Amino acid sequence: MIAASILSADFTRLGEQIAEAESAGADWLHVDVMDGHFVPNLTMGPFVVEACRRATKLPLDVHLMIETPERYLEAFAKAGASTLIVHVETCPDINGTLKRIKALGCKAGVTLNPATPASDLGPALNIADQVLVMTVPPGYSGQKFMPEIISKVAEIRRWLDEIHSPAWLEVDGGITAANISRVHEAGADAFVAAYAIFHHPKGIAAGIRSLREQLCK
Ligand code: DX5
Ligand code: ZN
């Protein structure tokens, strides 16, 4: 799965850019929600998710980089999120939070920062529909991929396979045509990309095509 992250889109033309990503074969649209506390940057809220919902039929993969995400789960679910992804660092009761997301009718995703060990996921792996491994410190698009996180992807892949989990294993941060195959080989099956898609010199469709070509080799 390729999840096009609108963080690098041109927001004066968001609807057009989303339509272009959809017709170029993006599988999901990734929306990065930041609160200026958990991460230094501030971005979008339910209002933008609701606008994206009207602009596309693609599933909306909503990544909550916010403190106490429980406060906003219902608002994002109502806005049309398909998957709500919460950081394990922000959820003292991660299992309870994932169950709450499912009760709201969304798929439940859990994610972790590069510095957080995979073992912190614990039993949440049994509940999650999606596990997102951050391959940059969250906060900004256009950062450099951290190759040392590939072993964490492989470790989580093994654990998911051991428990026969059907969860997607997604990676986020610095994904390009030059590194996507390596992360795929380590066991990831969903890939977020912002810069590589929305800032591709030949345009959005070419950005998606160049990632897809590497996956289909
Ligand atoms: C980073 C966000 C990412 C970001 C990825 O904090 O979670 O989803 O949009 O951007 P690129 O692909 O440019 O690294
Ligand atoms: Zn993200």
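Everything that follows concerns the structure shown earlier in this document.
Keep in mind that this is a model prediction, so the values were computed, not measured. (Residues numbered from 1 in each chain as written. Chains lettered and ligands numbered in written order. Predicted model: local features only at pLDDT ≥ 70, side-chain atom pairs only at ≥ 80, totals over all residues. Heavy atoms only, no water.)

## What to know about the state of the cysteines
Okay, step 1: All chains considered together, the criterion is met by 0 disulfides.
Okay, step 2: Free cysteine: C91, not disulfide-bonded; nearest cysteine sulfur from C106 at 14 Å. (Disulfide = S-S within 2.5 Å.)

## Details of the nonpolar core
Okay, step 1: Core analysis: the biggest nonpolar cluster contains 67 residues, and I6, V62, L98 and I156 have the highest contact counts within it.
Okay, step 2: With near-sequence residues (within four places) excluded, V62 lies in contact with V31, V33, V49, F76, A81, T83, L84 and I85. (Core = buried A, V, L, I, M, F, W, Y, C linked by side-chain atoms within 4.5 Å. Buried < 20%, exposed > 50% of the residue type's maximum accessible area, 1.4 Å probe, protein only. Contact = heavy atoms within 4.5 Å.)

## Notes on the site of ligand 1
Okay, step 1: Within the structure, ligand 1 sits among 20 residues, and D32, G139, S141, D172 and G174 are positioned closest to it.
Okay, step 2: Contacts to ligand 1 include D32, whose side-chain N or O atom sits 2.8 Å from an oxygen atom.
Okay, step 3: Among the secondary structure elements, those contributing two or more residues to the shell around ligand 1 are β2 (28-34), β3 (60-65) and β8 (190-193).
Okay, step 4: Looking at the shell around ligand 1 residue by residue, the classes come out as 10 nonpolar, 8 polar and 2 charged. (Near = heavy atom within 4 Å. Polar contact = N/O pair within 3.5 Å; in protein donor to acceptor, adjacent residues only side chain to side chain. Helix = DSSP H or I, 4+ residues; strand = E, 2+ residues; numbered from the N terminus. Nonpolar A, V, L, I, M, F, W, Y, C, P; charged D, E, K, R; others polar.)

## Re the sheet that holds β2
Okay, step 1: Spatial strand order, β1-β2-β3-β4-β5-β6-β7-β8: 8 strands in a closed barrel with parallel pairing. Neighbour-to-neighbour, the strand axes of this sheet turn through a mean angle of 25°, independent of strand direction.
Okay, step 2: Bridge count for β3 against strand β4 (residues 83-87) is 4 bridges, and the pairing is parallel. Across the sheet, residue H63 finds its bridge partner in β4, namely I85.
Okay, step 3: Relative to the sheet, helix α2 (residues 46-55) contacts β2 and β3, its axis offset from that of β3 by approximately 170°. (Pairing = 2+ DSSP bridges. Axes fitted to C-alpha atoms, helices over the stretch in contact; angles between N-to-C directions.)

## As for the pattern of salt bridges
Okay, step 1: Taken as a whole and judged by the stated rule, the model has 9 salt bridges.
Okay, step 2: One salt bridge in this structure joins E16 and R13, with 3.0 Å as the shortest N-O distance.
Okay, step 3: A salt bridge links E74 to K78, with the shortest nitrogen-to-oxygen separation between them at 3.2 Å. Residue E74 and its partner K78 are both found in helix α3 (residues 73-79); the two are separated by 4 residues, about one turn of the helix.
Okay, step 4: Residue E74 is classed as partly exposed on the basis of its relative accessible area of 38%.
Okay, step 5: Residues joined in a network through salt bridges with shared partners are D10, R13 and E16. (Salt bridge = Lys/Arg side-chain N within 4 Å of Asp/Glu carboxyl O.)

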